[in-house]
Amino acid sequence: MQLLKELLSDDGVIFVSIDSNEQFRLMAIMEEIFGMNNFISDFVIIRAEGGGLAKQVIKGHDYILVYSKDISKFNPLKRKKDIRGKIIKKEGIEYWLEEDWLRKEFGKYGTCYYEEIEKYKGKEKKIEIDICSLGFQ
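To start, this report covers the structure provided alongside it. Model, not experiment: these values are computed from the prediction. (Residues numbered from 1 in each chain as written. Predicted model: local features only at pLDDT ≥ 70, side-chain atom pairs only at ≥ 80, totals over all residues. Heavy atoms only, no water.)

**Notes on a nonpolar patch on the surface**
On the surface, a cluster of nonpolar side chains totalling about 270 Å² of accessible area is made up of Phe15, Phe43 and Ile45. Mapped onto the fold, Phe15 is located in strand β1 (residues 13-19). (Patch = residues over 30% accessible without salt bridge, like charges linked within 9 Å, V, L, I, M, F, W, Y side chains within 5 Å. Areas by Shrake-Rupley, 256 points an atom, 1.4 Å probe, with all protein chains shown as cover. Salt bridge = Lys/Arg side-chain N within 4 Å of Asp/Glu carboxyl O. Helix = DSSP H or I, 4+ residues; strand = E, 2+ residues; numbered from the N terminus.)

Below, the structure written as structure tokens:
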């Protein structure tokens, strides 16, 4: 089992898919290999919806467990928090004002579609969104 850990680079990460029947056993094995502190997340993958002809409950999802070799060296899934707003000062008191930055008109319904971002928000905002979607900061 330790061979699995040795195969990863120091900043490596492993994604393991499993159904709900064996999730807890796999988690115990992964924590034995990588340690509880190196657990990053678990993702749920929906593979079936609704009850269909099931007599009881349909088990319609799988799990993907994510562990790193060394969480202090793992970075790809982390992103800088995007705080949409600004601090304004009024009568000497600071207030946080939320910015409704992706709507066609501030405070009204009508979120921009991707194709409309440049028209409503400018070329710089479109470039910023494109760069963030690629995982760059």
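**Here we look at the pattern of salt bridges**
Considering all chains together, one arrives at five salt bridges under this definition. Across the pair Asp70 and Lys73 runs a salt bridge, and its minimum N-O distance is 3.9 Å. Residue Lys73 is classed as partly exposed on the basis of its relative accessible area, which comes to 45%. Where Lys125 meets Glu128, a salt bridge forms, and the shortest distance between an N and an O atom there is 3.2 Å. One end of the pair is Lys125 and the other is Glu128, both in helix α4 (residues 123-133) and three residues apart, which spans about a single turn. (Buried < 20%, exposed > 50% of the residue type's maximum accessible area, 1.4 Å probe, protein only.)

**Quick word on the sheet that holds strand β2 (residues 39-46)**
Strand order in the open sheet formed by three strands is β1-β3-β2, and the pairing between neighbours is antiparallel. Single-partner strands in this sheet number two, and they are β1 and β2. Within this sheet the neighbouring strands show an average axis-to-axis angle of 20°, counted without direction. For β1 and strand β3 (residues 61-68), the ladder comprises seven bridges, and the chain directions are antiparallel. Within β3, the position partnered with Ile14 by the bridge is Tyr67. Across the face of the sheet, helix α2 (residues 23-34) comes into contact with β1, β2 and β3 while running at roughly 5° to β3. (Pairing = 2+ DSSP bridges. Axes fitted to C-alpha atoms, helices over the stretch in contact; angles between N-to-C directions. Contact = heavy atoms within 4.5 Å.)

**Here's the deal with unusual backbone geometry**
In this structure, Glu91 is a non-glycine residue whose phi angle is positive, near 55°. Tracing the backbone shows Glu91 in the loop between β4 (85-90) and β5 (93-98).

**Quick look at the packing of aromatic side chains**
Following the criterion strictly, the structure yields two aromatic pairs and no others. Judged by centre distance (6.1 Å) and plane angle (25°), the rings of Phe34 and Tyr67 are stacked. Of this pair, Phe34 sits in helix α2 while Tyr67 sits in strand β3, and the two are 33 residues apart along the sequence. Classification of Phe34 by relative accessible area gives buried; the value is 3%. Cluster of aromatic residues (ring-pair linked, three or more members): Phe34, Phe39 and Tyr67. (Phe/Tyr/Trp six-rings, centres within 6.5 Å; stacked < 30°, edge-to-face > 60°.)

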